[in-house]
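Residue strings, one per chain:
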Amino acid sequence: MDILEAIRERRSVRSFDGAALSEAVRKDLLAFAEKVYNPFGGHFSIRLKSFNLENGYKPTTYGMIKDAHDFFLIGMADDETSALATGFCFEQVVLKAWQLGLGTCWIAATFKGTDFDNGESWPKGEALKIISPVGKAAKKSLMEKITRLSLGSRNRKPFSELFFTDGFKQPLSSDSPFDEALEMLRLAPSSTNSQPWRVLIDNDTVHFYYVLKSRLSVLDTGIGICHFYETEKYYGHTGAFYTLPTPPANHDKWKYLISYKREDQK
Ligand SMILES: Cc1cc2nc3c(=O)[nH]c(=O)nc-3n(C[C@H](O)[C@H](O)[C@H](O)COP(=O)(O)O)c2cc1C
């Protein structure tokens, strides 16, 4: 399965088959998590922890996650760069897991921190902020169906509400060179499906903005930028991220985050 198929097909999985990951898959995932591409810096750590369901110990996810044996734990620092990098980097792991036939679910709210943090210590400045189960999906539980329905998880905002040109004056037309990369961004997961990302295109440059919907909006935007960048890579484009000292255009509600310039002539 190529990366675009993974982006299109991925969904959050909350019901699992209860089996532990094999040692080979654990190693694969951990090795991948260690070498994810991070153009932003920041401070975060990705760990993989097993919980022995046979002993009857289940860490609390307030009923959201059923029969997961293995969980990623993500510690991160409390600054914008770390949030952007965590979103961008852990989403690479989420997509890799999907390519290996494994489901995940970013979880920032519905878990009891002390159950998962037990015995862990984090580098200075970092704390456990996110967990994600990982394993083979089982049939969706009733709870999962209800959760997805109440979050509107299948819905995404239309292209015309998210992507703009001409200093936000015009919605982007569908013949932009970034069409497909933006379509893949549009499909990204976000907390409460809030889709805070907004984009302003200026020729070969993409400026990423976000709507401040929650403390997770920058991290969410990092996830979207991961989908964008994976698509650029898939089509053989090269480009670089950079931050402008002042936003390229002001918007009364949206905050400027980062820019990307495509550097090849393809
Ligand atoms: C940063 C982040 C935090 C999330 N936190 C939770 C959570 O606490 N509980 C939960 O059930 N789902 C959580 N989700 C999953 C979202 O609800 C889900 O991604 C969204 O509804 C879109 O659905 P999809 O991932 O199936 O496309 C989170 C997602 C992200 C990206």
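See the structure shown above.
Here the structure is a predicted model, which means the values were calculated and not measured.

A closer look at the environment of Asn155
Piece 1. One can find Asn155 in the loop between α5 (142–151) and α6 (159–162).
Piece 2. Distance from Asn155 to Ala249, taken between C-alpha atoms, is 29 Å for residues 94 residues apart in sequence.

Side note on the pattern of salt bridges
Piece 1. One pass over the structure, following the stated rule, counts 12 salt bridges.
Piece 2. Taking the shortest distance from any N to any O, the salt bridge between Asp166 and Lys169 comes out at 4.0 Å.
Piece 3. For Asp166, a relative accessible area of 40% gives the class partly exposed.
Piece 4. By sharing partners, the salt bridges in this structure join Arg47, Lys49 and Glu120 into a single network.

Description of the site of the ligand
Piece 1. Near the ligand, the surroundings consist of 22 residues, among which Ser12, Thr110, Arg148, Ser153 and Arg156 are the closest.
Piece 2. Residue Arg14 places a side-chain N or O atom 3.0 Å away from an oxygen atom belonging to the ligand.
Piece 3. A distance of 2.8 Å separates an oxygen atom of the ligand from a polar atom in the side chain of Arg156.
Piece 4. Contact with the protein chains covers 96% of the free accessible surface of the ligand, which is 620 Å².
Piece 5. Judged by the fraction of its atoms near the pocket grid, the ligand is located in the largest pocket.
Piece 6. Here the element with the most residues in the shell around the ligand is helix α8 (residues 217–234); it accounts for 3 residues.
Piece 7. Residue classes in the shell around the ligand are distributed as 10 nonpolar, 6 polar and 6 charged.
Piece 8. Per-domain counts for the shell around the ligand show at least three residues from each of domain 1 (3–147) and domain 2 (159–262).

Criteria and cut-off values
Residues numbered from 1 in each chain as written. Predicted model: local features only at pLDDT ≥ 70, side-chain atom pairs only at ≥ 80, totals over all residues. Heavy atoms only, no water. Helix = DSSP H or I, 4+ residues; strand = E, 2+ residues; numbered from the N terminus. Salt bridge = Lys/Arg side-chain N within 4 Å of Asp/Glu carboxyl O. Buried < 20%, exposed > 50% of the residue type's maximum accessible area, 1.4 Å probe, protein only. Near = heavy atom within 4 Å. Polar contact = N/O pair within 3.5 Å; in protein donor to acceptor, adjacent residues only side chain to side chain. Areas by Shrake-Rupley, 256 points an atom, 1.4 Å probe, with all protein chains shown as cover. 1 Å grid on protein atoms, 1.4 Å probe; cavity = no way out; pocket = protein on both sides within 12 Å on 5 of 7 lines; lining within 4 Å. Sits in = over half its atoms within 2 Å of the grid points. Nonpolar A, V, L, I, M, F, W, Y, C, P; charged D, E, K, R; others polar. Domains from an automatic or database assignment.

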